[in-house]
Amino acid sequence: MNAISFSQVTRAYGDVLAVDGLDLDIPAGRTVALLGPNGAGKSTSINMLLGLLRPTSGQIRIFGETPERAIARGDVGAMLQEGTLIPELTVAETVGFVRSLYPDPLPLDEILRMADLTDLAGRRAGRLSGGQTQRVRFALAIAGAPRLLILDEPTAAMDVESRRAFWDNIRAYAAQGRTVLFATHYLEEADENSDRVVVIARGRIVADGTAAEIKSGVGGQAVSFTMGTQSVAGLDTLPGVIGVEITSGRAVLRTSDPDATVDALYRKTTLDVRGLEIAGADLEDAFLALTQES
Amino acid sequence: MVKHIKIEALRMLRNKRYAVFVVAFPLGFYLLYSNLWGDQVDETTGVKASVILMVSMGAYGALASSIMSTAVPWAQERESGWLRQLQITPLPSWSFIVTKLIVSMLLTLPALLLVGLAAVLTQGVSLPPGEWAGLVVAMWLGVIPFAALGLTIGSLTRPDTAQPLAMIGMFGLALLGGLWIPLDIMPETMRTIAKVLPSNDYATIGWRIVAGEAPPASAVLGILGWGVALVAFAIFAFRRATVRA
Ligand SMILES: Nc1ncnc2c1ncn2[C@@H]1O[C@H](COP(=O)(O)OP(=O)(O)O)[C@@H](O)[C@H]1O
Ligand SMILES: [Mg+2]
């Protein structure tokens, strides 16, 4: 069964189409990254999935139910992109309360252990650091032992070290057959922690597959050369080119066919091409190519 | 819900601002005023000022508590994302507002009981058991309109607006309702305003009970009317604040 299913989901804020005809099925038991730059529509999609926002059109199902019913049944736990705790309450009080709202929660000790909070159990939320607060919010998300865990940019406030420990905890939770969907704009994070990456830009899915598939499928190569002050007009229409980027006087052309692109560059343009380089794209390049295309 | 009530009450009791305005203020002023004027006797009813002040300060404490424990915390929860955090759990939203109302009412008890206790211990106030019981029940149920007002403010405004509105509501209702200064020495216009405020109805019910009289129908109807209107408004505002957009 699909844990998550979006069909033709659209969401507009006034004139802005934040999510534009999203179709996405996620089978139960997978860990999926929703990867995209800021403003891509990740949070809007997640908030609709959690029943916090109403889609302008289209339909969303969680384990075959409406989001409201799935949440009422305790099937879903989530860490939203933003949120603070009640400063006067301790970690154990906060987690203990939220777990009591679910029909079949994890034991309190186990939740605290899984979120590395055992030593902080008695601390008031108002005295936690940013990273510690994130861990409590993670604890709240898993407290009810939900079958589906949703995380919206969960590591934003963390340093590298705590980020690693945090992902270990999420993987441990997912390993028990649960479904995890997380949003991120960090490529390595998507690459390292998911078995499927859905790339989203301007409210649409622009790629969907394993990190390796995305690397090989798109913008395999980059042709770059020194532009100086020459005009960029026409570069994007050269054969094979799927993206053009100019940084400090250097043009970088993402291309699916570097031979054809280079050939056309010399023969079909009047540009003075110097310092030509051809390089294989990494995931970062693929991501940029995907999300900058129109 | 019991657990929700418990943590909500706990967080307010740990809040210093709450303790100062709601517990220390009425208690401190009761001790001060009753030491100054406690032995004066009201000519028409024959009730000592120490008893009247007990009702006034208890009423102020309960009123302040019911607004303080609702308006700003609720506005903050909406803004900080705590509401959303709970909206994605199985907690139904009706339970949320009912809990807030119950907690707000429970939290009026420290002020009511401490002022009463201070009156008994320091001023030797004594009332027949029936009057004590009637007083506590009336003062306790009578805060419903104020709690509803606080919840309405919290639903409609952001924390930085809710804060001054709650203060104005709390002190305005207390002052204009005659809780701090007796109505008899107020100018005519202020007295007219006081007559329509729920805070005056609220305190009047208490003052009449300690005078051994039945509360006047006008005050009971007044507070009932305000109660129904403000609770309806609070529910409407709450739904508006929690509905998904
Ligand atoms: N409440 C809102 N009102 C108007 N526009 C919004 C609102 N929330 C998001 N948007 C717009 O919708 C788009 C998608 O935003 P969002 O879903 O937050 O993206 P992401 O989470 O991927 O960074 C952006 O263009 C953003 O400016
Ligand atoms: Mg976002």
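Residues numbered from 1 in each chain as written. Chains lettered and ligands numbered in written order. Predicted model: local features only at pLDDT ≥ 70, side-chain atom pairs only at ≥ 80, totals over all residues. Heavy atoms only, no water.

## Digging into the overall build of chain A
Here is step 1 of the chain: Counting its regular elements, chain A contains ten helices and 13 strands.
Here is step 2 of the chain: Projected onto its principal axes, the C-alpha positions of chain A cover 70 × 40 × 35 Å.
Here is step 3 of the chain: When each of the 294 residues of chain A is scored for burial, the buried share is 52%.
Here is step 4 of the chain: In chain A, the share of contacts with a sequence separation of at least 24, taken over all contacts with a separation of at least 6, comes to 68%.
Here is step 5 of the chain: Surface summary for chain A: the accessible area is close to 12600 Å², and the carbon and sulfur share equals 48%.
Here is step 6 of the chain: In chain A, 28 positive and 38 negative side-chain charges are present, and the distance between their average locations comes to 4 Å. (Helix = DSSP H or I, 4+ residues; strand = E, 2+ residues; numbered from the N terminus. Buried < 20%, exposed > 50% of the residue type's maximum accessible area, 1.4 Å probe, protein only. Contact = heavy atoms within 4.5 Å. Areas by Shrake-Rupley, 256 points an atom, 1.4 Å probe, with all protein chains shown as cover. Lys, Arg positive; Asp, Glu negative; His and termini not counted. Charge placed at Lys NZ, Arg CZ, Asp CG, Glu CD.)

## Here we look at the interface of chain A and chain B
Here is step 1 of the chain: Facing 33 residues of chain A, the contacting portion of chain B comprises 21 residues.
Here is step 2 of the chain: Both faces considered, chain A and chain B share a buried interface measuring about 2600 Å² in area, 61% of it formed by carbon and sulfur atoms.
Here is step 3 of the chain: Here chain A is connected to chain B by two salt bridges.
Here is step 4 of the chain: The salt bridge involving B:R14 is made with A:E93; its shortest N-O contact spans 2.9 Å.
Here is step 5 of the chain: Joining chain A to chain B, the criterion identifies four residue pairs in polar contact (both at pLDDT 80 or more).
Here is step 6 of the chain: The set of elements that each furnish at least two residues to the side of chain A that touches chain B consists of α2 (67-72), β5 (76-79), α3 (91-100) and α5 (130-142) of chain A.
Here is step 7 of the chain: Element by element, the count of residues in the side of chain A that touches chain B is highest for α3(A), at six residues.
Here is step 8 of the chain: Per-class residue counts for the side of chain A that touches chain B are 17 nonpolar, nine polar and seven charged. (Buried area = accessible area lost by both parts, 1.4 Å probe. Salt bridge = Lys/Arg side-chain N within 4 Å of Asp/Glu carboxyl O. Polar contact = N/O pair within 3.5 Å; in protein donor to acceptor, adjacent residues only side chain to side chain. Nonpolar A, V, L, I, M, F, W, Y, C, P; charged D, E, K, R; others polar.)

## Concerning the coordination of the magnesium ion (ligand 2)
Residues and elements named next belong to chain A.
Here is step 1 of the chain: Bound to the magnesium ion (ligand 2) on the protein side are S43 (OG) and Q81 (OE1), at distances that span 2.0 to 2.1 Å. With S43 in helix α1 (residues 42-49) and Q81 in the loop between β5 and α3, this residue pair connects regions lying 38 residues apart in the sequence.
Here is step 2 of the chain: Look at S43 and you get partly exposed, because its relative accessible area is 21%.
Here is step 3 of the chain: Taking the relative accessible area as the measure of exposure, Q81 reaches 34% and is therefore partly exposed. (Donors = N, O, S within 2.8 Å, 3.2 Å for Na, K, Ca; no water.)

## Considerations on the pairing of strand β3 (residues 31-35) of chain A
Residue and element names in this part refer to chain A.
Here is step 1 of the chain: Among the five residues in β3, five count as buried, and that is most of the element.
Here is step 2 of the chain: Side chains T31, A33 and L35 project from β3 onto one buried face, and the interleaved V32 and L34 project onto a second face that is buried too.
Here is step 3 of the chain: Summarising the sheet, β3 and strand β7 (residues 179-184) pair through five bridges and their orientation is parallel. Bridging from a neighbouring strand, A33 pairs with F182 of β7. (Pairing = 2+ DSSP bridges.)

## Topic: the pattern of salt bridges
Here is step 1 of the chain: Summed over all chains, the structure comprises 23 salt bridges over all chains.
Here is step 2 of the chain: Measuring nitrogen to oxygen at the nearest pair gives 3.8 Å for the salt bridge that ties A:E88 to B:R11. Residue A:E88 is located in the loop between β5 and α3, and its partner B:R11 is located in helix α1 (residues 2-13); the two belong to separate chains.
Here is step 3 of the chain: The exposure class assigned to A:E88 is buried, which follows from its relative accessible area of 14%.
Here is step 4 of the chain: The exposure class assigned to B:R11 is buried, which follows from its relative accessible area of 5%.
Here is step 5 of the chain: Linking B:K48 and B:D39 is a salt bridge whose minimum nitrogen-to-oxygen distance equals 3.5 Å.

## As for the domain arrangement of chain A
All names here are of chain A.
Here is step 1 of the chain: Partitioning chain A into structural domains gives domain 1 (2-210) and domain 2 (216-292).
Here is step 2 of the chain: In this structure, domain 1 and domain 2 have C-alpha centres spaced 37 Å apart.
Here is step 3 of the chain: Contacts between domain 1 and domain 2 engage eleven residues on the former and six residues on the latter.
Here is step 4 of the chain: Note on domain 1 versus domain 2: buried area summed over both sides is about 700 Å², and carbon and sulfur give 78% of it. (Domains from an automatic or database assignment.)

## Thoughts on the sheet that holds β7(A)
Residues and elements named next belong to chain A.
Here is step 1 of the chain: Here six strands make up an open sheet; going across it, the order is β5-β6-β7-β3-β8-β9 and the pairing mixed. This sheet does not close on itself; its edge strands, each paired only once, are β5 and β9 (204-209). Ignoring strand direction, the axes of neighbouring strands in this sheet form an average angle of 15 degrees.
Here is step 2 of the chain: As paired elements, β5 and strand β6 (residues 148-152) share four bridges and run parallel to each other. Pairing of M79 across the sheet is with L151, part of β6. (Axes fitted to C-alpha atoms, helices over the stretch in contact; angles between N-to-C directions.)

## Focus: a nonpolar patch on the surface
Here is step 1 of the chain: Nonpolar side chains collect at one region of the surface, where B:M1, B:W94, B:V98, B:I102 and B:L106 lie side by side and expose about 440 Å² of accessible area between them.
Here is step 2 of the chain: Turning to its location among the elements, B:V98 is positioned in helix α6 (residues 93-106). (Patch = residues over 30% accessible without salt bridge, like charges linked within 9 Å, V, L, I, M, F, W, Y side chains within 5 Å.)

## A closer look at helix α2 (residues 16-37) of chain B
Residue and element names in this part refer to chain B.
Here is step 1 of the chain: With 22 residues, α2 extends 30 Å between its outermost C-alpha atoms, agreeing within 8% with the 32 Å of an ideal straight helix rising 1.5 Å per residue.
Here is step 2 of the chain: Contacts made by the buried residues of α2 are with α1, α3 (49-68), α7 (109-123) and α10 (159-176).
Here is step 3 of the chain: Here α2 starts with a cap whose side-chain oxygen sits 3.0 Å from the backbone nitrogen of R17, and that cap is N15. (Expected span 1.5 Å × (residues − 1).)

## Quick word on the site of ligand 1
Residues and elements named next belong to chain A.
Here is step 1 of the chain: Close to ligand 1 lie Y13, A18, P37, N38, G39, A40, G41, K42, S43 and T44, which account for all nearby residues.
Here is step 2 of the chain: Separating an oxygen atom of ligand 1 from a backbone N or O atom of G41 is a distance of 3.0 Å.
Here is step 3 of the chain: One nitrogen or oxygen atom from the side chain of T44 is found 2.5 Å from an oxygen atom belonging to ligand 1.
Here is step 4 of the chain: Here ligand 1 loses 59% of its free accessible area of 560 Å² to cover by the protein chains.
Here is step 5 of the chain: Residue contributions to the shell around ligand 1 peak at three residues, all from α1.
Here is step 6 of the chain: Of the residues that constitute the shell around ligand 1, the class distribution is four nonpolar, five polar and one charged. (Near = heavy atom within 4 Å.)

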